[in-house]
Amino acid sequence: YYINVASIDSNGVQSLFCIEEDVRIRTTATRELVLENAIDLLQNYPNPFDDATTFAVVVNELVPHNQAEIRVYDHLGRSMATLPIELQLGTNEILYQYHNHHYRPGVYHYALWIDGKRIAVKSMIYAY
């Protein structure tokens, strides 16, 4: 089970949800790749955002992979965007610009996917 917690302040502004998850990817039947401290998905900035926000991934240890991407979702889990990202040692950033008029102010989620496996999820606030 996973428990997500958020609060609403006296102005009616909802905090971000926290999501905890065991982060493992099986690469073969005989070898398991553990990404616990190798890759960190950071909180987007600015957050809340309006026209654009930046996603950052810190790579502490190079992980062999074919494809990495950031996927953006609405509060119902519908896909809003998929952004390829190169994962090199250090901090890797990608700018996400708002070009979709279907966005409404509220909480959205983004996830780091590597080779078809979800590695980490964060929440962000769109505040037009």
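Analysis parameters
Residues numbered from 1 in each chain as written. Predicted model: local features only at pLDDT ≥ 70, side-chain atom pairs only at ≥ 80, totals over all residues. Heavy atoms only, no water. Core = buried A, V, L, I, M, F, W, Y, C linked by side-chain atoms within 4.5 Å. Buried < 20%, exposed > 50% of the residue type's maximum accessible area, 1.4 Å probe, protein only. Helix = DSSP H or I, 4+ residues; strand = E, 2+ residues; numbered from the N terminus. Pairing = 2+ DSSP bridges. Phe/Tyr/Trp six-rings, centres within 6.5 Å; stacked < 30°, edge-to-face > 60°.

**What to know about the nonpolar core**
Counting 26 residues, the largest nonpolar core has Ile39, Phe55, Val57, Ile70 and Leu112 as its most contacted members. Counting residues per element, the ones that place at least two in this core are strand S3 (39–41), strand S4 (52–59), strand S5 (68–73), strand S6 (79–84), strand S7 (90–97), strand S8 (106–114) and strand S9 (117–126). Take this core: its biggest share by element is four residues, from S8.

**So, unusual backbone geometry**
Along the chain, Tyr45 connects to Pro46 via a cis peptide bond; the corresponding omega equals -10°. Topologically, Pro46 is positioned in the loop between S3 and S4. Here the residue pair Asn47 and Pro48 is connected by a cis peptide bond, since its omega of 5° sits within 30 degrees of zero. Within the fold, Pro48 resides in the loop between S3 and S4. Of note, the phi angle at Asp115 is positive, near 50°, even though the residue is not glycine. Positionally, Asp115 belongs in the loop between S8 and S9.

**A few points about the pairing of S8**
Residues in a regular strand project their side chains so that they alternate between the two faces of the sheet. Extensive coverage of S8 is indicated by the burial of eight of its nine residues. Connecting the antiparallel pair S8 and S9 is a turn made up of two residues, with Asp115 showing a positive phi of about 50°.

**Thoughts on the packing of aromatic side chains**
Going through the model one piece at a time under the given rule, you end up with four aromatic pairs. Geometrically, the ring pair formed by Phe55 and Tyr110 is tilted, given 4.5 Å between the ring centres and 35° between the ring planes. Of this pair, Phe55 sits in strand S4 while Tyr110 is found in strand S8, placing the two residues 55 residues apart along the sequence. An identical accessibility class is assigned to Phe55 and Tyr110; each is buried. Between the aromatic rings of Tyr108 and Tyr126, the centroid separation amounts to 6.5 Å while the plane-to-plane angle is 80°, which identifies the pairing as edge-to-face. Of this pair, Tyr108 sits in strand S8 while Tyr126 is found in strand S9, placing the two residues 18 residues apart along the sequence. Across the pair, Tyr126 and Tyr108 agree in class, each one buried. An aromatic cluster is built from Phe49, Tyr108 and Tyr126, whose rings are joined through pairwise contacts.

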